[in-house]
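Breakdown of the fold
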Amino acid sequence: ILFGIDLDDTLIDTKETANKYLKEFIKDESLKDYHNLSKKEYNKFLNKYLYKIQKESTIKDKAIETIKYLNANGFRIVIITARGSLNYLKSKHITEKYLSQNNIIYDKIIYNQNHKYKACQKEKVDLFIDDKEWVLDEVKDHGIKTLKFLVDNETSKHDKVKNWQEVKDYIIKLWGG
């Protein structure tokens, strides 16, 4: 069984770190999420803070234990991420160093994926885990099972989890372990 896993806001709590820098970047207290910046401001924000965010964000609670459990039970993991796109080429080095320092086990990492269903199809992923509804919609439309990692109190038409313990429980329920 092969699991595809997104990095930002799925495996890593990127949003929390990014929004800390958002307060430094813009003085508008009403803006709570960097994703809500205009395209121009969003690009300026990333140019200034992206590498800091990638280095400083924390692994989500129970993610390391769940990944180790999956690996120990013969499941394979491919990380599929948009990182590396938008000419942020140092992201690859930062990401691999970060994953190594945090003892994240994976079989393969695929960068620069703005349409992750393509990598899911090519790798023959059995289940793809991501936090973005539109990404999961594309993946599911191509016949791949999806799992939505909820950020805040979202709703979703996909199977959903709130944390990595729920990911582990979901996988055990479907495939044993």
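Note: the structure precedes this text.
Here goes a summary of the coordinates provided. These numbers were taken from a predicted model, which means no experiment stands behind them.

A closer look at the packing of aromatic side chains
Counted by the stated rule, this structure contains nine aromatic pairs. Ring geometry for Phe25 against Tyr49: centres 6.2 Å apart, planes inclined by 85 degrees, an arrangement best described as edge-to-face. Here the residue Phe25 occupies a position in helix 1 (residues 14–25), and Tyr49 occupies one in helix 2 (residues 39–56), the gap between them amounting to 24 residues. Here Phe25 and Tyr49 have matching classes, each one buried.

Points about the pattern of salt bridges
By the definition in use, this model includes 13 salt bridges. Measuring nitrogen to oxygen at the nearest pair gives 2.6 Å for the salt bridge that ties Asp8 to Arg83. One end of the pair, Asp8, is in the loop between strand 1 (2–5) and strand 2 (12–13); the other, Arg83, is in the loop between strand 4 (76–80) and helix 4 (90–101), with 75 residues separating them in the sequence. Across the pair Glu154 and Lys148 runs a salt bridge, and its minimum N-O distance is 3.6 Å. You can call Glu154 partly exposed: its relative accessible area is 32%. Classification of Lys148 by relative accessible area gives buried; the value is 2%. Within this structure, Glu133, Asp137, Lys148, Glu154 and Lys157 form a network of salt bridges that share partners.

The rules we used
- Residues numbered from 1 in each chain as written.
- Predicted model: local features only at pLDDT ≥ 70, side-chain atom pairs only at ≥ 80, totals over all residues.
- Heavy atoms only, no water.
- Phe/Tyr/Trp six-rings, centres within 6.5 Å; stacked < 30°, edge-to-face > 60°.
- Helix = DSSP H or I, 4+ residues; strand = E, 2+ residues; numbered from the N terminus.
- Buried < 20%, exposed > 50% of the residue type's maximum accessible area, 1.4 Å probe, protein only.
- Salt bridge = Lys/Arg side-chain N within 4 Å of Asp/Glu carboxyl O.

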